Amino acid sequence: MSKDLITGAEALMRSLEHQGVTTIFGYPGGSIMPVFDALYDHQNTLNHILVRHEQGAAHAAQGFARVSGEGGVCLVTSGPGATNTITGIADAMIDSTPIVVIAGQVGTGFLGTDAFQEVDLVGITQPITKWSYQIRRAEDVAWAVARAFYIARSGRPGPVVLDFAKDAQNAKTKYEPAKLDFIRSYVPVPDTDEDSVKEAAELINNAERPLVLVGQGVELGNAQSELRAFIEKADMPAGCTLLGLSALPTDHPLNKGMLGMHGTKTANLSVTECDLLLALGVRFSDRVTGNAKTFAKQAKILQIDVDAAEINKNVLVDASVIGDVREVLRRLLEMIPEEQHPEWIEHIQEMKAKYPLTYDHSQLTGPYIIEKLYEITKGDAIISTDVGQHQMWSAQYFKYKEPRTFLTSGGLGTMGYGLGAAIGAKMGRP
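Residues numbered from 1 in each chain as written. Predicted model: local features only at pLDDT ≥ 70, side-chain atom pairs only at ≥ 80, totals over all residues. Heavy atoms only, no water.

Undergrad: Sorry, what's going on with the overall build of the chain here?
TA: Each helix and strand counted, the chain has 18 helices and 16 strands in total. Taken over the C-alpha trace, the chain has a radius of gyration of 23 Å; the compact-globule value for 430 residues is 22 Å, and the two agree within 12%. In the chain, which comprises 430 residues, the proportion classed as buried is 54%. Considering only residue pairs separated by 6 or more positions, the chain has 74% of its internal contacts joining residues 24 or more positions apart. Accessible area of the chain: about 19000 Å², with a carbon and sulfur share of 51%. Treating the 39 positive side-chain charges of the chain as one cloud and the 51 negative ones as another, the clouds have centres 3 Å apart. (Helix = DSSP H or I, 4+ residues; strand = E, 2+ residues; numbered from the N terminus. Rg over C-alpha atoms; globule rule 2.2 N^0.38 Å. Buried < 20%, exposed > 50% of the residue type's maximum accessible area, 1.4 Å probe, protein only. Contact = heavy atoms within 4.5 Å. Areas by Shrake-Rupley, 256 points an atom, 1.4 Å probe, with all protein chains shown as cover. Lys, Arg positive; Asp, Glu negative; His and termini not counted. Charge placed at Lys NZ, Arg CZ, Asp CG, Glu CD.)

Below you can see the structure in the form of C-alpha cells.
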C-alpha cells in the first residue's frame, strides 16, 4: 500500500481533530478496538476519559457539551456497548444537547446475520437522534464526521450517531479533511420573516403586563447578554424554565424565579395575570404548563424559537418568530422604546414578598444544604444534579450567576445523569 493511505480508524482520529475535538469519553471493546489502537498515537491531542459504563460516557459527553457549547464525543463498542448509550442519546435529544456517539459495529460481511454483538444501532436510534448513519467504507469517514458535527451543533442542537463497521476501521483510504456548512433540505436556522418581527415588536410595545418565559433556547443560542439588555430596556419581568435557570442571573431584579409545578408562586401567578407572555426558546413542557388548555389563557402568547416544529405544538400562540433567538432579540431591541411598567413590577414584587420560598429552619434540610453550598462557592460553581427532590431544591435555592452552570436532566428525567455530567463538565470547563 502507498504511504499516503491510512486506515479508517486513523481517518476518524484526524477527522475528530479537524473538528476541534480535544476530549473523548469512552469504553473499549472488540468491535471498536482498531479505533482505540489509532487513538494511542493521538494522546497528545485527544484526551480519552475512560468511564465505567457506556451510559456514563454519553452523560459525560452531555455535560461537556452543555458547559462548553461544543459537541461532546463518546466512543463505545458494538452490541451492548452501543445499546448502553441509548438513555444518554434520548436524554440529549429531548434536552437539545449536541453529542456525537461513535460506536463500533461488526464487519459489513456479517451485517444482518445476528453476529456476535451485532445490533441495528441505526434503526434503534433514528427516532432519538438528529441523524444516525452507518459507516461501511473507510473513504466515507471524513465526510460522515464533518456531517455529524455540523448537524449536531447547528440550529437546534442534538445527538448524532455514527455506527462504524469494523472492516471499514481497518480498510485503507486517502484522507482529505472535510468541511461542511450546507446540507440540501436541512435548514438549521430559517430566515426570519421581517413582518413577524414587526408584529412581535408591536405586541411588546402595546403590552401593559408583559412577562418573559426564558427557556434553554437562550442558553443554546448564546443570547444571555441580549436577553438582559432586552428585559431591562422593556422593563419586562421574567420567569425561567428548569433548563433556562442559568440564562439569567438569579438575583437579577427582573428575575421572578422558576415557572411550573416546582416553580415559585410569584412566577406562576404572574403567568395567570400577564397580558403578554413572550416565550423564548421554550417547548411548553407539561411540567411548565400543567393543563395546556388553560395555560395563560388571558394573555397573548408570542413564541420565538429556532425550531418551527415547536410553534403551536403544545400551546396555541397568537404570534411567533422563527429564527435564531440572539438575532431576533437584537432586532427587537432596535424596535422597542425604553419602557417602564411600575404598577406591574410593584405588583409582582408584592407577590414575591407575600409568597417567598420557605422551609423549616429548625432542622437540617435539603434547602439549607443547597443555600450553604451557594454561600461556600459564592455561586462560582457548576451545579450538576440527578433527578428528584434534590434536583428541585437545586433549582429553587441555588443562585445562578453565570451562563451554562446548571446541568440537569430535564425532559427525560434520567437517574444517573448527574455524576457523568459532572465529570464531563469538569473536563469542559476545568
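On we go from here.
Undergrad: Is there a simple way to explain a negative patch on the surface in this structure?
TA: Among the surface-exposed residues, Asp193, Asp195, Glu199, Glu202 and Asp318 lie close enough to one another that they form a single negatively charged patch. Structurally, Asp193 is set in the loop between strand E8 (172-174) and helix H9 (194-206). The class for Asp193 is partly exposed, based on a relative accessible area of 43%. (Patch = residues over 30% accessible without salt bridge, like charges linked within 9 Å, V, L, I, M, F, W, Y side chains within 5 Å. Salt bridge = Lys/Arg side-chain N within 4 Å of Asp/Glu carboxyl O.)

Undergrad: Would you mind showing me how to read the packing of helix H11 (residues 224-234) against helix H14 (residues 325-335) here?
TA: Angle between the axes and distance between the axes: these two values describe a pair of packed helices. One way to put it is that H11 packs onto H14 with a least axis distance of 9 Å and a crossing angle of 30 degrees. In this view, H11 runs roughly parallel relative to H14, as classed from their interaxial angle. Pair H11 / H14 crosses with left-handed handedness. For the pair H11 and H14, contact is made by Glu226, Leu227, Ala229, Phe230 and Lys233 and by Arg326, Leu329, Arg330, Leu332 and Leu333, respectively. In the contact of H11 with H14, the residues fall into six nonpolar, no polar and four charged. (Axes fitted to C-alpha atoms, helices over the stretch in contact; angles between N-to-C directions. Parallel < 35°, antiparallel > 145°, perpendicular 65-115°, else oblique. Left-handed = near helix turned anticlockwise from the far one by under 90°. Nonpolar A, V, L, I, M, F, W, Y, C, P; charged D, E, K, R; others polar.)

Undergrad: Which parts of the structure should I look at to understand the sheet that holds strand E2 (residues 23-26)?
TA: Strands belonging to one sheet form pairs held by backbone hydrogen bonds; the direction of such a pair is parallel or antiparallel. With respect to topology, six strands assemble into an open sheet ordered E3-E2-E4-E5-E7-E6, the strand pairing being parallel. Of all the strands in the sheet, the pair left with one neighbour each is strand E3 (47-50) and strand E6 (131-135). Neighbour to neighbour, the strand axes of the sheet diverge by 20 degrees on average, direction disregarded. Bridging between strand E4 (residues 72-76) and strand E5 (residues 99-105) involves five bridges; their strand directions are parallel. Counterpart to Gly72 in the pairing with E5 is Ile99. Packing against the sheet, helix H3 (residues 54-68) makes contact with E2, E4 and E5, and its axis sits at approximately 165 degrees to E4. (Pairing = 2+ DSSP bridges.)

Undergrad: How should I be thinking about the pairing of E2 in this particular structure?
TA: The alternating pattern of E2 places Thr23 and Phe25 and Ile24 and Gly26 on opposite faces, both of which are buried. Sheet analysis places E2 next to E3, joined by four bridges and oriented parallel. Each bridged residue has a counterpart across the sheet, and for Gly26 the counterpart in E3 is Leu50. With helix H2 (residues 33-39) bridging E2 and its parallel neighbour E3, the resulting β-α-β unit is right-handed. Where E2 meets E4, two bridges bridge the pair, whose relative direction is parallel. What sits directly across from Phe25, in E4, is Cys74. (Right-handed = clockwise from strand over helix to strand, strands pointing away.)

Undergrad: Honestly, the sheet that holds strand E10 (residues 238-240) in this entry has me stumped. Any pointers?
TA: Taken in spatial order, the six strands line up as E11-E10-E9-E12-E13-E14 in an open sheet, and their pairing is parallel. For this open sheet the edge positions go to strand E11 (255-258) and strand E14 (319-322), each flanked by a neighbour on one side alone. Strand-to-strand twist of the sheet, defined as the mean angle between neighbouring strand axes without regard to direction, takes the value 20 degrees. The sheet contact formed by strand E12 (residues 276-280) and strand E13 (residues 300-305) spans five bridges and is parallel. Across the sheet, the residue bridging to Ala279 is Gln303, located in E13.

Undergrad: What am I meant to see in the environment of Leu203 here?
TA: Among the secondary structure elements, Leu203 is positioned in helix H9. Of the residues examined, Leu203 reaches a relative accessible area of 17% and is grouped as buried. When the C-alpha atoms of Leu203 and Glu327 are compared, they prove to be 18 Å apart, with 124 residues separating the residues in sequence.

Undergrad: What is the right way to read unusual backbone geometry from this model?
TA: Most peptide bonds take the trans configuration, and most residues that are not glycine carry a negative phi. Phi is positive for Ser185, which is not a glycine, with a value near 80 degrees. For Ser185, a relative accessible area of 75% gives the class exposed. The backbone of Asp235 sits at a positive phi, close to 50 degrees, despite the residue not being glycine. Here Asp235 shows up in the loop between H11 and E10.

Undergrad: I'm lost on the state of the cysteines in this one. Help?
TA: Think of a disulfide as a covalent bridge from one cysteine sulfur atom to another cysteine sulfur atom. Applying the stated criterion to the full structure yields zero disulfides. Here Cys240 is not cross-linked by a disulfide; its sulfur's nearest cysteine counterpart is in Cys274, at 15 Å. Classification of Cys240 by relative accessible area gives buried; the value is 1%. (Disulfide = S-S within 2.5 Å.)

Undergrad: Looking at this structure, I do not really get the pattern of salt bridges. What am I missing?
TA: Close approach of charged atoms allows side chains with opposite charge to pair. What the rule picks out here adds up to eleven salt bridges. For the salt bridge of Arg156 with Glu310, the shortest nitrogen-to-oxygen distance reads 2.8 Å. You can see Arg156 sitting in the loop between helix H7 (141-153) and strand E7 (160-165) and its partner Glu310 sitting in the loop between E13 and E14, a full 154 residues away along the chain. By relative accessible area, Glu310 is classed as buried at 5%. As a salt-bridge pair, Arg330 and Glu226 come within 3.1 Å of each other at their nearest N and O atoms. With a gap of 104 residues between them, Arg330 in helix H14 and Glu226 in helix H11 connect regions that are remote in the sequence. Residues joined in a network through salt bridges with shared partners are Arg156, Asp307, Glu310 and Lys313.

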